[in-house]
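Architecture at a glance
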Amino acid sequence: MDILSKLQFIYDKIVPVLDIVILAYIFYKAYDFMSKTNSIQILKSVIIVLGAYGIAVFLRLKTIIWIMNIVAPMLIIAFAVIFQPEVRKLFLRLGQNQWFAFGSRSKDTYIDSVLTAAEMLSKQKRGMLVVFLRHTKLDNVMQSGTKLNADLSSGLLVTIFGHDTPLHDGACFIQGNKVLAAGCFLPLSDNYSIRKTFGTRHRAALGLSEASDAVVLVVSEETGALSLSYESKLNYDLSLEEVRKILENLLDITSESKNTEDALEEAKTVN
């Protein structure tokens, strides 16, 4: 009986703490999902509406409460319609996200071929658009281009983007050591806060990162600047080493234990 009482005491102490920790983690991940898909505005809108309703209840504004009770179903439909793109991106990110990651990462250097080509094209002021696939399947986007399924090499990428071939205006899709497709057309971002000086390549890179977990490397045709777009953000004018560090973390091909945010801080990227 004494043991049971001790176990009950431990249970009563541990379970509430565990309950709070799990709930806090869920709230954190939910906020993280929303912030990465620009869906935080949904949360703000919901808070404003709930706040207005709470004030009306507190002040006993019967007419306003009556009106809000009537329009509540319509507000739910309105939110679903107005924020449909954000909701879709939110659930895409939810399905793609790895909640727990364990184990060491294996070292690989296939990105070296891409970075060698990017460096050469940057010096020549030739544009490049390369998509690194992660978890999201983008077969429908790849179908807009030409299927290659070729071995990855810097020479192949320079040939595609360094000359006025039919494939140089689109994007190359890369997974591991393979170039899956080239000349693919990416969805353009509808983010109006992006710099007006950015061209189609940068808008396409941001657009794909908003709709998937892919990582997109861009070489500017005007300036030769290297940029990376991922998680609905565009990091512009990075050095070759900064690009390497971020790619190694995002693509899980480094043995280092640093996370993406640490690499981004170390690289001092320009958002």
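Computed from a predicted structure; not experimentally measured.

Some details on the overall build of the protein
The helix and strand inventory of the protein stands at 10 helices and 7 strands. Counting all 271 residues of the protein, 39% fall into the buried class. Long-range pairs, those at least 24 residues apart, make up 63% of the contacts in the protein with a sequence separation of at least 6. For the protein, the exposed area adds up to about 16100 Å²; of that, 62% sits on carbon and sulfur atoms.

Points about the pairing of strand 5 (residues 215–219)
Of all 5 residues in strand 5, 5 are buried, a share of seventy percent or more. Judged by which residues are buried, strand 5 turns out to be covered on both faces: Val-215, Leu-217 and Val-219 on one side and Val-216 and Val-218 on the other are all buried. Bridge count for strand 1 (residues 128–132) against strand 5 is 5 bridges, and the pairing is antiparallel. Across the sheet, residue Met-128 finds its bridge partner in strand 5, namely Val-219.

Digging into unusual backbone geometry
In the Ramachandran plot, Arg-60 falls in the positive-phi region, its phi being about 60 degrees despite a non-glycine side chain. Take Arg-60: it is sitting in the loop between helix 2 (40–58) and helix 3 (62–82). Phi at Asn-149 is positive, roughly 50 degrees, even though this residue is not glycine. Tracing the backbone shows Asn-149 in strand 2 (residues 146–151).

Side note on the confidence of the model for the protein
Low pLDDT means the predicted coordinates in that region are not meant to be read closely. Taken residue by residue, the protein gives an average pLDDT of 80. The fraction at 70 or more is 77%. With pLDDT under 50 throughout, residues 254–263 is counted as low confidence; its partners more than four residues away or in other chains account for 16 contacts. Per-residue pLDDT stays below 50 along residues 266–271; that stretch engages in 16 contacts with residues further than four places along the chain or on separate chains.

A closer look at the sheet that holds strand 2
Sheet architecture is open: 7 strands sit in the order 2-4-3-1-5-6-7, paired in mixed fashion. In the strand order of this sheet, the two ends are held by strand 2 and strand 7 (233–238), each with one partner. Geometrically, the sheet is characterised by an average inter-axis angle of 20 degrees between neighbouring strands, direction not taken into account. Bridge count between strand 1 and strand 3 (residues 171–175): 3 bridges; the pairing is parallel. The partner of Phe-132 across the bridge, within strand 3, is Ile-174.

Here's the deal with the packing of helix 5 (residues 111–124) against helix 7 (residues 154–161)
Two measures define how a pair of helices packs: the angle their axes make with one another and the distance between the axes. Relative orientation of the contacting elements helix 5 and helix 7 amounts to 40 degrees, with a least axis distance of 8 Å. Judged by the inter-axis angle, helix 5 sits oblique to helix 7. Considering how the two elements wind past one another, helix 5 and helix 7 form a crossing that is right-handed. For the pair helix 5 and helix 7, the contacting residues are Ser-113, Val-114, Thr-116, Ala-117, Met-120 and Leu-121 in the first and Ser-154, Leu-157, Val-158 and Phe-161 in the second. Considering only residue class, the contact of helix 5 with helix 7 consists of 7 nonpolar, 3 polar and no charged.

A look at the nonpolar core
Grouped together as the largest cluster of nonpolar side chains are 32 residues, with contacts concentrated most on Phe-132 and Leu-217. Among the elements that line this core, the one with the most residues is helix 5, at 6 residues. Those residues within four positions of Phe-132 in sequence are excluded, and the remaining contacts are Tyr-110, Ile-111, Val-114, Ile-174, Ala-214, Val-215, Leu-217, Leu-247 and Leu-251.

Focus on the side chain of His-168
Within the secondary structure, His-168 sits in the loop between helix 7 and strand 3. For His-168, a relative accessible area of 13% gives the class buried. At 3.0 Å, the side chain of His-168 forms a polar contact with the side chain of Asp-169.

Notes on a nonpolar patch on the surface
Residues Ile-3, Leu-4, Leu-7, Ile-10, Ile-14, Leu-18, Ile-22 and Ile-26 make up a contiguous nonpolar surface patch of about 790 Å² in total accessible area. Within the element layout of this structure, Ile-10 appears in helix 1 (residues 2–36). On the basis of relative accessibility, which here comes to 43%, the residue Ile-10 falls in the partly exposed class.

Brief notes about the side chain of Ser-209
For Ser-209, the position within the fold is in helix 8 (residues 200–211). Only 2.9 Å separates the side chain of Ser-209 from the side chain of Ser-229, close enough to count as a polar contact.

Brief notes about helix 8
Note: α-helices contain 3.6 residues per turn, so residues at a spacing of three or four share the same orientation. For helix 8, built from 12 residues, the straight-helix expectation of 16 Å at 1.5 Å per residue is met to within 8% by its first-to-last C-alpha distance of 17 Å. Among the 12 residues in helix 8, 9 count as buried, and that is most of the element. Regarding helix 8, the residues found buried are Arg-201, His-202, Ala-204, Ala-205, Leu-206, Gly-207, Leu-208, Ser-209 and Glu-210.

Conventions we followed
- Numbers given to residues run from 1 along each chain, matching the order in which its sequence is written.
- Only residues with pLDDT of at least 70 get local features here, since the model is predicted, and only at 80 or more are side-chain atom pairs given and counted; chain-wide, interface and lining totals rely on the full set of residues.
- Calculated side-chain values reflect all of the structure's heavy atoms, with hydrogen atoms and water omitted.
- Elements are defined by DSSP. Helices are runs of H or I of four residues or more, strands are runs of E of two residues or more, and each kind is numbered from the N terminus.
- Relative accessible area decides the class of each residue, using a 1.4 Å probe on protein chains only: under 20% of the type maximum gives buried, over 50% gives exposed, and in between gives partly exposed.
- Throughout, a residue-residue contact means that at least one pair of heavy atoms, one from each residue, lies within 4.5 Å.
- Here the accessible surface of atoms and residues is derived via Shrake-Rupley with a 1.4 Å probe, and residues count as covered only by protein chains that are part of the display.
- For two strands to be treated as a pair, DSSP must find no fewer than two bridges joining them.
- Think of pLDDT as the predictor's per-residue confidence, scored from 0 to 100.
- The axes are straight lines fitted to the C-alpha atoms, using for helices just the contacting stretch, and the angles between their N-to-C directions are given from 0 to 180°.
- To sort the angles, those under 35 degrees are grouped as roughly parallel, those over 145 as roughly antiparallel, those from 65 to 115 as roughly perpendicular, and the leftovers as oblique.
- Definitions for this section: a left-handed crossing has its near helix turned counterclockwise from the far helix by less than a right angle. A right-handed crossing has that turn clockwise.
- Each residue receives one of three labels: charged for Asp, Glu, Lys and Arg, nonpolar for Ala, Val, Leu, Ile, Met, Phe, Trp, Tyr, Cys and Pro, and polar for the others, Gly being one of them.
- To define a nonpolar core, start from buried Ala, Val, Leu, Ile, Met, Phe, Trp, Tyr and Cys residues and group those joined through side-chain atoms within 4.5 Å.
- A 3.5 Å cut-off defines polar contacts: any pair of N or O atoms within that distance qualifies, except that in protein one atom must be a possible hydrogen donor and the other a possible acceptor, and neighbouring residues in sequence count only when both atoms are side-chain atoms.
- Patch construction takes residues with relative accessible area above 30% that form no salt bridge. Like charges are linked within 9 Å, and nonpolar side chains (Val, Leu, Ile, Met, Phe, Trp, Tyr) are linked within 5 Å.
- For this document, the term salt bridge refers to a Lys or Arg side-chain nitrogen within 4 Å of an Asp or Glu carboxyl oxygen.
- Expected span of a helix, by definition, is 1.5 Å for each gap between consecutive residues, and there is one gap fewer than residues.

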